[in-house]
Amino acid sequence: RDKRSEEMYLKILLLTDIHGNLPALEAVLRHPAAQGADRVVSTGDHTGFGPCPRQVTERLMALNADILASNHEERLPQADDPAFAGDNWELLRWTRAQMEGLPLTWPRTLQIGDMLFAHGTPENPNELLEAEEVPALLARLPESVRWYFSGHNHNAWNVCAHDCRAVNPGSLGLMEDGVGGRAPFAVIETDGKETRVTRMMVPYDLEEVKRAYVTGGAAEAAPEMCRIALYTMETGAYQAALKFVRLAKQLGEKQGISLADPRAFRMAAEAWDWGDGLSCAEYWRQVARGA
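Now for a look at the structure at hand. Just so you know, these numbers come straight off a predicted model, no measurement behind them. (Residues numbered from 1 in each chain as written. Predicted model: local features only at pLDDT ≥ 70, side-chain atom pairs only at ≥ 80, totals over all residues. Heavy atoms only, no water.)

1. Examining helix H9 (residues 223-235)
Stage number 1. In this model H9 runs 18 Å from its N-terminal to its C-terminal C-alpha over 13 residues, within 8% of the 18 Å that 1.5 Å per residue would give.
Stage number 2. The buried fraction of H9 is high, at ten of 13 residues.
Stage number 3. Of the positions making up H9, those classed as buried are Glu224, Met225, Cys226, Arg227, Ile228, Ala229, Leu230, Tyr231, Thr232 and Met233.
Stage number 4. Summarising the contacts, the buried residues of H9 are in contact with helix H5 (90-98), helix H7 (206-215), helix H8 (218-221), helix H10 (240-254), helix H11 (262-271) and helix H12 (280-290).
Stage number 5. Of the residues trailing H9, glycine 236 is marked for its positive phi of about 70°. (Helix = DSSP H or I, 4+ residues; strand = E, 2+ residues; numbered from the N terminus. Expected span 1.5 Å × (residues − 1). Buried < 20%, exposed > 50% of the residue type's maximum accessible area, 1.4 Å probe, protein only. Contact = heavy atoms within 4.5 Å.)

2. Some remarks on the packing of aromatic side chains
Stage number 1. Considering all chains together, one arrives at eleven aromatic pairs under this definition.
Stage number 2. Aromatic side chains phenylalanine 84 and tryptophan 89 sit 4.8 Å apart centroid to centroid with 85° between the ring planes, which places their arrangement in the edge-to-face category.
Stage number 3. Using a relative accessible area of 11% as the deciding quantity, one classes phenylalanine 84 as buried.
Stage number 4. For tryptophan 89, a relative accessible area of 24% translates into the label partly exposed.
Stage number 5. Summarising the aromatic geometry, the rings of tryptophan 272 and tryptophan 274 are spaced 6.0 Å apart at their centres and angled 45° between planes, so their arrangement reads as tilted. With respect to class, tryptophan 272 is no different from tryptophan 274; both count as buried.
Stage number 6. In this structure an aromatic cluster arises from ring pairing among Tyr231, Phe244, Phe265, Trp272 and Trp274.
Stage number 7. Of note, arginine 227 hangs over the ring of tyrosine 283, and the distance from its end group to the ring centre comes to 4.2 Å. (Phe/Tyr/Trp six-rings, centres within 6.5 Å; stacked < 30°, edge-to-face > 60°. Lys NZ or Arg CZ within 6 Å of the ring centre and 35° of its normal.)

3. What about the packing of H9 against H10?
Stage number 1. Axis separation between H9 and H10 bottoms out at 9 Å; the angle between their running directions is 145°. Helix-helix and strand crossings are classified by hand; for H9 and H10 the assignment is right-handed. Taking contact as the criterion, the partners of Glu224, Met225, Ile228, Tyr231 and Thr232 in H9 are, on H10, Ala240, Ala241, Phe244 and Val245.
Stage number 2. Split by residue class, the contact of H9 with H10 holds seven nonpolar, one polar and one charged. (Axes fitted to C-alpha atoms, helices over the stretch in contact; angles between N-to-C directions. Left-handed = near helix turned anticlockwise from the far one by under 90°. Nonpolar A, V, L, I, M, F, W, Y, C, P; charged D, E, K, R; others polar.)

4. Things to note about the pairing of strand E10 (residues 195-203)
Stage number 1. Bridge analysis of strand E9 (residues 182-190) against E10 gives nine bridges, and the strand direction is antiparallel. Following the sheet pairing, threonine 190 is matched in E10 by threonine 195.
Stage number 2. What sits between E9 and E10 in their antiparallel hairpin is a turn of four residues, with glycine 192 showing a positive phi close to 90°. (Pairing = 2+ DSSP bridges.)

So, in structure tokens, the structure goes:
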């Protein structure tokens, strides 16, 4: 590179959907490719589902990361509203309590040169895109944007259309690629003329995550939702949490109860094939004994 390019060279560590999974985040930060970044960008959902929302947020803040808002973060200030009073929101309320004294609001978008960062879409962090829908999004981006980086969908994509490229590295803390136990991230390198994006994957310690659910109190507050989140981390099952909630709703309606009733989630946990034959209560007791 010439002297001007050297001066403009920028390395960005791109993270998305950490979901309170501190062991996965630390595994990424230890990776040699993640070292020496000029900026760290987290495109949202750094909290929610996982056992370490506070620790993840503090770690990102210590890195002076650019943290963006998402559907999970935007719910946090509303966690005590009556609309979130049911059992189905117990994990949200637990997460909000862990975040006491930390910022709860973040910007929705970030632009660095010709790169735009957001969670779902720039207008709506809760809009879940599939890869085949990305070209339509790229078509309506401002002319100043040539790269779009996002998350929300826990699986990765790399899509080029309309002279733009969209990259989603995949969920760092809750990947749903059918494998489990691995944390994806991306490194963006640009010199003002050319931009290169490299996506990587690193394994992390699932046993450490299990222990954190117990020692931090999340498993006691919301045993069924914590277990389905951990199940996703272990197996990489696609949208397991959504399917689990739908099962709870279906079984609850048969008994005339709503998702606000903890019995709906207990019935779903009894019907779900966890692969070990353990009830949620016994499962977490076993984890606690080994913690």
